[in-house]
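Structural overview
Now for the letters of each chain:
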Amino acid sequence: MSTAKAIALNDTKEARILRAARRLFTIKGFDATAIAEIAAEAGVADGTIYTYFMGKRDLLYHVVRGLYDPLIDTLEAEARAVAGFDNLLRLVILKHLQCLAGDPDLCLLVLQQIRNEPEYDRSLFHDLNRRYASIVVRLVEEAIARGEVKANVSPRLVRDMIYGSIEHIVWQSLLRGAAIDAEAVTRELTALLLPGLMAPPMPPRAEAMIDRLEGLTARMERVFGAEPMAAHARAPREAVEP
């Protein structure tokens, strides 16, 4: 995309409305911000906002989605290029911390305003958060299937441990007005979680035996064919059935 086109897209009425809403929501709070104030800051008529959004609540959802969508896309793309669950865990923690540390005002809005709403569990905000958090569940499930993570580990518990710990750390930092050292927190949290998650390495002798068995199976299938091998494997069981 050319620079001129990017600037043009960023200066659309919809983009200006979103920027104005984001700034006012984080400064004044959602309840204290009026549609008229957002329109005035965006340089549009009040009614223009309803051309793009159903109302103030819908506008808040799109503001928050502007935080989640790039994070989801980045995490998905970078996770595909990372090998080893230990490195994936570091990536997940670091990206989440960097995102929250990079936008503390919006983070505070999410924690204070959105998470505390009575209908949060049935809201679009919850669906958005669940879509993001499901990435970790999938990564843990895949690591279990590869034998990297212990088979008895609950992927959803891992998700809750990661995001629950980070949320507590971020919340305390926001209340104190302190900066978050994303790199340091990532190192500490990863060091705490990995020992309880990682499966013990396979002994070299056992790994060599598996390789030999897989090689033997492949040679036998080449000689006898896959279907005859399956038939031979079933024959003893069929012989004893009445």
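Residues numbered from 1 in each chain as written. Predicted model: local features only at pLDDT ≥ 70, side-chain atom pairs only at ≥ 80, totals over all residues. Heavy atoms only, no water.

**Observations regarding the overall build of the protein**
Helix and strand counts for the protein stand at 12 helices and 0 strands. In the protein, the order of α-helices and β-strands from amino to carboxyl end is α-α-α-α-α-α-α-α-α-α-α-α. Across the 242 residues in the protein, those meeting the buried criterion constitute 35%. (Helix = DSSP H or I, 4+ residues; strand = E, 2+ residues; numbered from the N terminus. Buried < 20%, exposed > 50% of the residue type's maximum accessible area, 1.4 Å probe, protein only.)

**Focus on the packing of helix α6 (residues 85–102) against helix α8 (residues 124–146)**
Contact geometry of α6 with α8 gives a least axis separation of 11 Å together with a crossing angle of 170 degrees. Judged on the interaxial angle alone, α8 and α6 are roughly antiparallel. Seen from α6, the contacting residues are Phe85, Leu88, Val92 and His96; seen from α8, they are Tyr132, Val136, Leu139, Val140, Ala143 and Arg146. Classifying every residue of the contact of α6 with α8 by side-chain character gives 8 nonpolar, 1 polar and 1 charged. (Axes fitted to C-alpha atoms, helices over the stretch in contact; angles between N-to-C directions. Parallel < 35°, antiparallel > 145°, perpendicular 65-115°, else oblique. Contact = heavy atoms within 4.5 Å. Nonpolar A, V, L, I, M, F, W, Y, C, P; charged D, E, K, R; others polar.)

**Focus: the packing of aromatic side chains**
Each pair of aromatic rings is reported with the distance of its centres and the angle of its planes. Applying the stated criterion across every chain, the model contains 4 aromatic pairs. Relative to Phe30, the ring of Phe25 lies with its centre 5.3 Å away and its plane at 55 degrees, an arrangement referred to as tilted. Taking the relative accessible area as the measure of exposure, Phe30 reaches 9% and is therefore buried. Of the aromatic side chains, those joined through ring pairs into one cluster are Tyr68, Tyr132 and Tyr163. (Phe/Tyr/Trp six-rings, centres within 6.5 Å; stacked < 30°, edge-to-face > 60°.)

**Some thoughts on the side chain of Asn129**
Tracing the chain through its elements places Asn129 in helix α8. A relative accessible area of 19% means that Asn129 is categorised as buried. With sequence-adjacent residues up to four places away left out, Asn129 is seen in contact with Tyr68, Arg115 and Tyr120.

**Section: the pattern of salt bridges**
Using the criterion set out here, one finds 13 salt bridges in the structure. Bridged by salt links that share partners, the residues Arg65, Asp69 and Arg131 form one connected network. (Salt bridge = Lys/Arg side-chain N within 4 Å of Asp/Glu carboxyl O.)

**Section: the confidence of the model for the protein**
Here the protein shows a mean pLDDT of 83. Residues at 70 or above account for 83%. Per-residue pLDDT, averaged within each element of the protein, yields its smallest value for helix α1 (residues 3–10) (40) and its largest for helix α3 (residues 35–42) (95). In the predicted structure, residues 1–9 sits below a pLDDT of 50 and forms 3 contacts with residues beyond four places in sequence or in another chain. Overall, residues 233–242 carries pLDDT values under 50, and its contacts beyond four positions in sequence, including any with other chains, amount to 0 contacts. (pLDDT = per-residue confidence, 0-100.)

**Here we look at the nonpolar core**
Counting residues in hydrophobic clusters, the biggest one holds 64 residues, and the most contacted among them are Phe25, Ile38, Ile49 and Ile162. Every element with two or more residues in this core is listed here: α2 (13–28), α3, α5 (56–80), α6, α7 (104–114), α8, α9 (155–176) and α10 (182–197). A total of 11 residues in this core trace back to one element, the largest contributor, which is α5. Ignoring any residue separated from it by four or fewer positions in sequence, one finds Ile162 in contact with Leu89, Val92, Ile93, Val136, Leu189 and Leu193. (Core = buried A, V, L, I, M, F, W, Y, C linked by side-chain atoms within 4.5 Å.)

**So, a nonpolar patch on the surface**
A cluster of nonpolar side chains, Leu213, Leu216 and Met220, forms an exposed patch at the surface whose accessible area comes to about 250 Å². Position of Met220 among the secondary structure elements: in helix α11 (residues 204–224). (Patch = residues over 30% accessible without salt bridge, like charges linked within 9 Å, V, L, I, M, F, W, Y side chains within 5 Å. Areas by Shrake-Rupley, 256 points an atom, 1.4 Å probe, with all protein chains shown as cover.)

**Let's talk about the packing of α5 against α8**
Direction vectors running N to C along α5 and α8 enclose 10 degrees, while the axes themselves pass 9 Å from each other. Taken together, the axis directions place α5 and α8 in an arrangement best described as roughly parallel. Here Arg57, Leu60, Tyr61, Val64, Arg65, Tyr68, Asp69, Leu71, Ile72, Leu75, Glu76 and Ala79 of α5 lie close against α8, whose contacting residues are Leu124, Phe125, Leu128, Asn129, Arg131, Tyr132, Ile135, Arg138 and Leu139. Residue classes in the contact of α5 with α8 are distributed as 14 nonpolar, 1 polar and 6 charged.

**Regarding the environment of His126**
Mapped onto the elements of the fold, His126 is located in helix α8. Residues His126 and Ile114, spaced 12 residues apart in sequence, show a C-alpha to C-alpha distance of 9.1 Å. Once residues within four sequence positions are removed from consideration, His126 is found in contact with Tyr120 and Asp121.

**Comments concerning the layout of surface pockets**
Gaps between atoms show up when a probe of the same size as a water molecule is rolled over them. The computed volume of the largest pocket comes to approximately 540 Å³. Lining of the largest pocket is provided by 25 residues; of these, Arg115, Asn129, Ala133, Tyr163 and Glu167 occupy positions nearest its centre. When contributions to the lining of the largest pocket are tallied by element, the ones reaching two or more residues are α5, α6, α7, α8 and α9. Of the residues contributing to the lining of the largest pocket, the split by class is 14 nonpolar, 5 polar and 6 charged. (1 Å grid on protein atoms, 1.4 Å probe; cavity = no way out; pocket = protein on both sides within 12 Å on 5 of 7 lines; lining within 4 Å. Points joined across faces, edges and corners; volume = space filled by probe spheres on them.)

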